[in-house]
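# Secondary and tertiary structure notes
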Amino acid sequence: MDHFEIRNGVMHAEDVALPDIADAVGTPVYVYSRATLERHARVFRDALSDVPEKLIAFAVKSNPNLAVLKVLQQQGYGADVVSVGEMRRALAAGIAPEKIVFSGVGKTGIEMKAALEAGIGQFNIESEEEGLELAEIAEAMGRTAHCALRINPDVDAGTHDKISTGKADNKFGVPIDEAGQIFGKLAGQPGVNLRGVAVHIGSQLGDLAPLERAFEKLGALVVALRGAGHTITHVDLGGGLGVPYRKEDVMPPPADYGAMVARVTKDWGVALIFEPGRVIAGNAGVLLTRVVRVKRGINDPFVIVDAAMNDLARPALYGAYHDFAAVEPNGADMTANIVGPICETGDTFAMGRTCDQLKTGDLAVFRTAGAYGATMASSYNSRGFVAEVLVDGDRHAVVADRIDAGEIMDAERVPDWLV
Ligand code: LLP
């Protein structure tokens, strides 16, 4: 459930009419609902009420906006980060360093140092090579890096290939059948406190079965590692829960996920870490856009909106579906191709989509844009970065300024020797 609803014929974000935001801030603009973020954060936490010891670390990559992170920090959430940039955002939002988990296959030495200096809670090590480098850096700094070893369980998550991470040929984690040996090697390194294992098999999962298979494999590994004399106190189960992009999508409810987790992990005797992103932020945001013009097409008309693939990349990158709806629907439908202004055919949000009837100047939204939306923007075609707005009841605030193309150009130089 979210808080983007039509009231008196006009779509509102909570109690704010979207045309008011368009007037104040312009379009395109991402609009987030605080109440929806908080609701999702509560629902996910409540779903895990049978897990005695846990840290819920929001996947910052899904929506790194500082105000969004602040809302989640106030909900007691930690942060799953994959770069020093994300770590700094989490810290700036007031998330305690010990609630920060650092994942990712390509952490650089500089990033490891910065994270050790900040005193983050856990590094999820993705390879033996990375573990050895981290151990060396930590030891030289006189610090201890608390770590989990990320396991590649070779489970097909049944999601889009580009967002699947747990198959043997994906770049993530260490192969499960080599995990015991690599764990043994890394656990013996000074500078490292290897205290657990981690897994994340993919994103936008519509089925709990692959997750359960991965968790069971992890449980067996925990038993084996303990059998080999290792102390395992933490297991990170990653993120991945899918959200409905279409009204008719049926996704596993967080409560079912929580019950499965509690059942599978009940004898593990560890603190569990979760890294949800999309399930918290996805339906807490829309991309508000204005129709530039409607152009006749051979079959269907092209509804050309002022948002483009650089603002919301998911349809172009993954063929992803985002619901598209008028802000002031007149009750009639049309079938249209929804496209942005960018000069390539990939800048297409939908072909032959039946949607609310729209004409030049009308406002519309792409729904479910709160996760992997603004954060994946680029400035392609010398378009700027869109603004972001957070709504809270009847008030709203710009939480990220629009960065126009001129500001981006100002950061560029023509060297003297070229003039
Ligand atoms: N933990 C790790 C280690 C991850 O790699 C990810 C997502 C998450 C947690 C959060 O997953 P979530 O709960 O949001 O599914 N750009 C793509 C999604 C990429 C996800 C990458 N990793 C998209 O727009 O669909």
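Scope of this entry: the structure provided in the associated data block. (Residues numbered from 1 in each chain as written. Predicted model: local features only at pLDDT ≥ 70, side-chain atom pairs only at ≥ 80, totals over all residues. Heavy atoms only, no water.)

### Some points on the sheet that holds strand 3 (residues 16-17)
To be explicit about the condition: Pairing between two strands requires that DSSP report at least two bridges joining them. For the purposes of this entry, the term helix denotes a DSSP run of H or I that reaches at least four residues, the term strand denotes a run of E that reaches at least two, and both are numbered from the N terminus.
The strand order 1-2-3 describes an open sheet built from three strands, whose pairing is antiparallel. Here the strands that pair on one side only, and so sit at the sheet edges, are strand 1 (4-7) and strand 3.

### Details of the pattern of salt bridges
Heads up, the rule is: Salt bridge, as used here, is a side-chain nitrogen of Lys or Arg placed within 4 Å of a carboxyl oxygen of Asp or Glu. Exposure is judged per residue with a 1.4 Å probe applied to protein chains only, and the accessible area is read against the type maximum: over 50% gives exposed, under 20% gives buried, and values in between give partly exposed.
Here the structure, examined in full by the defined rule, presents 14 salt bridges. Among the ionic pairs, Asp80 bridges to Lys61, the shortest N-O distance being 3.5 Å. One end of the pair, Asp80, is in strand 6 (residues 78-81); the other, Lys61, is in the loop between strand 5 (54-59) and helix 3 (66-74), with 19 residues separating them in the sequence. In this structure, Glu126 engages Arg150 in a salt bridge whose closest nitrogen and oxygen atoms are separated by 2.9 Å. One end of the pair, Glu126, is in the loop between strand 8 (122-125) and helix 6 (128-141); the other, Arg150, is in strand 9 (residues 145-152), and 24 residues separate them in sequence. We classify Glu126 as buried; its relative accessible area is 3%. If you follow the salt bridges from partner to partner, you end up with Arg34, Glu38, Asp392 and Arg395 in one network.

### Let's talk about unusual backbone geometry
Note that the residue after Thr27, namely Pro28, is joined by a cis bond; omega there is -10°. Along the polypeptide, Pro28 turns up in the loop between helix 1 (18-25) and strand 4 (29-33). The phi dihedral of Tyr372 is positive, around 55°, even though this residue is not glycine. By secondary structure assignment, the location of Tyr372 is in the loop between strand 19 (363-366) and strand 20 (387-392).

Everything listed here is a matter of coordinates, which is why it stays silent on function.
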